[in-house]
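# Topology and contacts: notes
The primary structure of each chain is shown beneath.
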Amino acid sequence: MRREPLLLAVTPHGLLACIGHGDGLQLLAAFMPGEEAGFASWLARRTPDEPCRVLVDLPDEAYEIEDLPRVRGGDRRALLARRLAHWFPEPRFARASALGVPPDGRKGFERVLFAGLERGAELLPWLERLEADGRRPELLAPAAALLPRLPLPDARQRRRGKAPSHPRLVAAAGRAGLRIALLEGDHTLFSRLVHAHAETLADPQALADEVERTRDYLLAQHRIAPDAPLDRVVVDLPAPAGAEQATLPTVGIVAPDTLAADERPGTCDAHLLLALRRAPTTLGWPLAARARRWPLLPERRVLAALALAASAILGAAAWMEQRAQAEAEALAAAERARAARAAALAAEEAELAAREAERAARAALDVEPPPPATAAMVAPEPEPRPPPAAEPAACPPAYSPPPAPIARRIDGILRRPDGEVLLWVEGSWQSARALGLRPVTGDAAAVSPPGRRTRLRSGDSMPVELATLAVGAAQPHPQHEYAAAGARETTPDAHPAQPGPGTAGPALAAAQSALMTAAPALAASGAEP
């Protein structure tokens with residue numbers, strides 16, 4: 001719930017302090033000019049955080065109207081600030097209000113009203129006491145700006161646009177004197193405060209003269225047109241001829257008995273204070289925009305500096321931790337890369353060694369053994385001589401059938417660059433095609449029997465029929481052996497001794513030894529033997 005603000009009214013006769021009391025007011029204290037010290041001691045007994053609003057009902061007000069170029073944003077603020085500083089020595093006690101398009105209808109221009117105090121000597125002492133107590137008013141408004149908010153006839157309809165908004169000259173008497181203002185809608189275009197006595201206020205003719213004097217001044221300043229309709233309204237005063245009389249409702253005021261009757265606010269002053277109580281903060285002078293000052297500002301600045309330093313320290317610590325983590329990750333990545341490079345070099349060296357061994361083995365295999373001796377190379381048999389009659393015919397030697405073949409084991413498979421596949425069978429390299437096997441499609445070191453989908457690899461045994469074929473191809477018939485032996489015995493010098501198909505020469509033995517040496521390296525590099 002919003003707290004009730006403290007309402008202060010500054011007039012040439014001093015300062016009144018009151019507070020809202022239901023629909024009325026409660027008068028708290030009254031101070032004469034020069035009693036600023038008593039006002040300060042009275043404020044010290046009030047609640048420190050109590051909000052306050054100030055009503056300024058002083059003379060020496062000035063009103064200026066200018067047609068300025070229509071600009072936006074910061075340019076408009078700068079232009080209005082320059083014009084306020086030109087018209088008023090204290091721009092904080094002045095205000096600029098836009099009145100819309102100029103009456104002549106010029107495009108690109110707007111009419112602006114500048115209103116404020118020309119002298120602030122009577123207001124400054126009271127404001128300084130408020131600032132010394134740590135209080136700044138949330139609203140500092142002149143009485144002329146609150147006149148359109150008085151409950152005058154057709155005031156609500158005029159604000160809502162339901163009644164003709166003709167300019168009005170309103171005359172109202174208060175504790176400060178007789179105030180005559182030119183009102184148009186929600187704006188006060190002009191206002192003057194007259195120090196009038198009670199006799200002058202009771203005389204309708206004197207009141208009419210003051211109103212006409214104000215009208216003549218406005219005509220001379222071209223504030224109003226000579227033929228423009230102008231309503232004259234007199235508030236709680238005897239109305240002269242041609243003027244409308246308005247009566248304000250009575251406001252309940254609770255005041256201590258110690259206050260004199262002349263120190264109490266009148267009906268018009270009470271309504272101005274009630275209007276101040278309900279007015280928005282944008283109605284007053286720009287001082288209200290800068291009114292809120294932080295209490296204990298140095299301490300708050302120290303706290304802000306400490307918070308900034310703490311955040312900087314925490315940020316630096318987080319940054320250092322993140323940097324250390326990034327460095328550790330970089331070192332781990334470098335170590336992993338170094339290990340990967342070492343493993344790659346070792347694998348490359350092993351592969352090179354395997355390739356060298358394979359190249360040596362293939363070079364040794366290129367030296368093939370000479371073909372076996374055939375019947376054509378054996379010396380021809382001599383023609384048989386008829387046996388003598390006395391000798392009996394010789395009987396051929398007894399012959400027994402060969403034993404059943406045994407499945408032969410494949411001890412190694414080597415695929416040559418030309419596509420030929422060699423099998424290490426029973427201590428010698430033999431061609432797969434000569435053994436009745438066909439290479440498997442691809443680079444795999446495997447063979448397959450014809451007509452089957454079986455794959456034979458190193459360590460498998462060949463089928464029996466293939467083993468029979470291989471044995472028949474590798475071992476000659478016994479009769480051939482006998483014939484070859486007889487030929488060799490008959491003609492020992494015709495053909496020199498040559499190695500048979502089942503034996504390997506020195507080059508072949510060296511190739512076998514190289515292949516057996518390169519087998520571990522080939523297994524390490526992933527190559528097939």
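Residues numbered from 1 in each chain as written. Predicted model: local features only at pLDDT ≥ 70, side-chain atom pairs only at ≥ 80, totals over all residues. Heavy atoms only, no water.

The subject of this paragraph is the sheet that holds strand 13 (residues 244-246). Here we have five strands laid out as an open sheet, ordered 11-10-9-12-13, and mixed in their pairing. The open sheet has two edge strands, strand 11 (187-194) and strand 13, and neither has a second partner. Strand after strand, the sheet turns through a mean of 20 degrees between neighbouring axes, direction not considered. In this sheet, strand 10 (residues 178-184) lies alongside strand 9 (residues 168-173) in antiparallel orientation, the contact comprising six bridges. (Pairing = 2+ DSSP bridges. Helix = DSSP H or I, 4+ residues; strand = E, 2+ residues; numbered from the N terminus. Axes fitted to C-alpha atoms, helices over the stretch in contact; angles between N-to-C directions.)

Here the focus is the pairing of strand 11. If a strand is regular, its side chains alternate between the two faces of the sheet. For strand 11, the tally of buried residues reaches six of eight residues, placing the bulk of the element in the interior. Taking the residues that link successive antiparallel strands as the turn, the strand 10-strand 11 hairpin has two residues, and the phi of Gly185 there is positive, at about 70 degrees. (Buried < 20%, exposed > 50% of the residue type's maximum accessible area, 1.4 Å probe, protein only.)

This brings us to the pairing of strand 1 (residues 6-11). Strand 1 sits mainly inside the fold: six of its six residues count as buried. Along strand 1, one buried face is formed by Leu6, Leu8 and Val10 and the opposite face, lined by Leu7, Ala9 and Thr11, is buried too. Pairing between strand 1 and strand 4 (residues 52-56): five bridges, direction parallel. Bridging from a neighbouring strand, Leu7 pairs with Arg53 of strand 4. As paired strands, strand 1 and strand 2 (residues 14-21) are joined by six bridges and run antiparallel to one another. Bridged to Leu6 within strand 2 is Ile19.

This part is about helix 2 (residues 73-87). Spanning 15 residues, helix 2 covers 22 Å between terminal C-alpha atoms, matching the ideal 21 Å at 1.5 Å per step. Restricting attention to buried positions, one finds in helix 2 the residues Leu79, Leu80 and Leu84. Down the axis of helix 2, the sector holding all buried residues measures 135 degrees, keeping them to one side. Those residues of helix 2 that are exposed and aimed more than 90 degrees away from the buried face are Asp75, Arg82 and His86. Looking at the buried positions of helix 2, the neighbouring elements they touch are strand 5 (61-69), strand 6 (94-100) and strand 7 (109-117). (Expected span 1.5 Å × (residues − 1). Arc of directions from axis to C-beta. Contact = heavy atoms within 4.5 Å.)

Here the focus is the sheet that holds strand 5. Reading across the sheet, the three strands line up as 5-7-6 and stay open at both edges, with antiparallel pairing between neighbours. Here the strands that pair on one side only, and so sit at the sheet edges, are strand 5 and strand 6. On average, each strand axis in the sheet is inclined to that of its neighbour by 25 degrees, with strand direction left out of account. Bridge analysis of strand 5 against strand 7 gives nine bridges, and the strand direction is antiparallel. Among the inter-strand pairings, Glu64 is bridged to a residue of strand 7, identified as Phe114. Relative to the sheet, helix 2 contacts strand 5, strand 6 and strand 7, its axis offset from that of strand 5 by approximately 145 degrees.

Under the defined criterion, the tally for this structure stands at three cavities of 30 Å³ or more. Approximately 70 Å³ is the volume found for the largest cavity. What lines the largest cavity is simply Asp57, Leu147, Ala172, Ala173, Gly174, Ala176, Gly177, Arg179, Leu193, Cys268, Asp269 and Leu272. The set of elements that each furnish at least two residues to the lining of the largest cavity consists of strand 9 and helix 8 (267-278). When residues of the lining of the largest cavity are assigned to their parent elements, the largest contribution, three residues, is made by helix 8. Among the residues making up the lining of the largest cavity, the classes are represented as seven nonpolar, two polar and three charged. Taken as a whole, the second largest cavity encloses approximately 40 Å³ of empty space. Considering the residues around the second largest cavity, the lining is formed by Ala9, Thr11, Leu16, Leu55, Asp57, Arg175, Pro265, Asp269 and Leu273. Broken down by secondary-structure element, the contributors of at least two residues to the lining of the second largest cavity are strand 1 and helix 8. For the lining of the second largest cavity, the per-class residue count stands at five nonpolar, one polar and three charged. (1 Å grid on protein atoms, 1.4 Å probe; cavity = no way out; pocket = protein on both sides within 12 Å on 5 of 7 lines; lining within 4 Å. Points joined across faces, edges and corners; volume = space filled by probe spheres on them. Nonpolar A, V, L, I, M, F, W, Y, C, P; charged D, E, K, R; others polar.)

One pass over the structure, following the stated rule, counts 26 salt bridges. The partner of Arg277 in a salt bridge is Glu4, with the nearest N and O atoms 2.6 Å apart. Here Glu4 lies in the segment before strand 1 and Arg277 lies in helix 8, a separation of 273 residues in the sequence. Across the pair Arg92 and Glu90 runs a salt bridge, and its minimum N-O distance is 3.3 Å. Judged by its relative accessible area of 28%, Glu90 is partly exposed. Here the salt bridges do not stand alone but share partners, grouping Arg46, Glu50, Asp133 and Arg135 into one network. (Salt bridge = Lys/Arg side-chain N within 4 Å of Asp/Glu carboxyl O.)

Scanning the entire structure with this criterion turns up eight aromatic pairs. Plain terms: the ring middles of Phe31 and Phe39 are 5.4 Å apart, the flat faces sit at 70 degrees to each other, and that makes the pair edge-to-face. Phe39 shares its class with Phe31; the two are buried. Centroid distance Phe93 to Trp285: 5.9 Å. Interplanar angle 45 degrees. Geometry classified as tilted. (Phe/Tyr/Trp six-rings, centres within 6.5 Å; stacked < 30°, edge-to-face > 60°.)

A word on the confidence of the model for the chain. Predicted confidence across the chain gives a mean pLDDT of 79, with 75% of residues reaching 70 or more. Note on residues 472-505: pLDDT under 50 across the span, and 12 contacts to partners over four residues away in sequence or across chains. (pLDDT = per-residue confidence, 0-100.)

Let us look at the packing of helix 1 (residues 36-44) against helix 3 (residues 124-132). For the pair helix 1 and helix 3, interaxial distance at closest approach is 10 Å and the crossing angle is 30 degrees. It follows from the interaxial angle that helix 1 and helix 3 lie roughly parallel. Relative to helix 3, the crossing made by helix 1 is right-handed. Across the interface between the two elements, Glu36, Ala37, Phe39, Ala40 and Leu43 of helix 1 pack against Pro125, Trp126, Arg129 and Leu130 of helix 3. (Parallel < 35°, antiparallel > 145°, perpendicular 65-115°, else oblique. Left-handed = near helix turned anticlockwise from the far one by under 90°.)

So, about the nonpolar core. Core analysis: the largest hydrophobic core is formed by 35 residues, its most contacted members being Leu55, Leu146, Leu152, Leu272, Leu273 and Leu276. With seven residues, helix 8 is the single largest residue contributor to this core. Aside from chain neighbours lying at most four places away, what touches Leu55 is Leu8, Ala9, Val10, Ala141, Pro142, Ala143, Leu146, Leu272, Leu273 and Leu276. In terms of nonpolar packing, the next biggest core, distinct from the first, is built from 22 residues, Leu6, Phe31, Leu58 and Leu130 among them. (Core = buried A, V, L, I, M, F, W, Y, C linked by side-chain atoms within 4.5 Å.)

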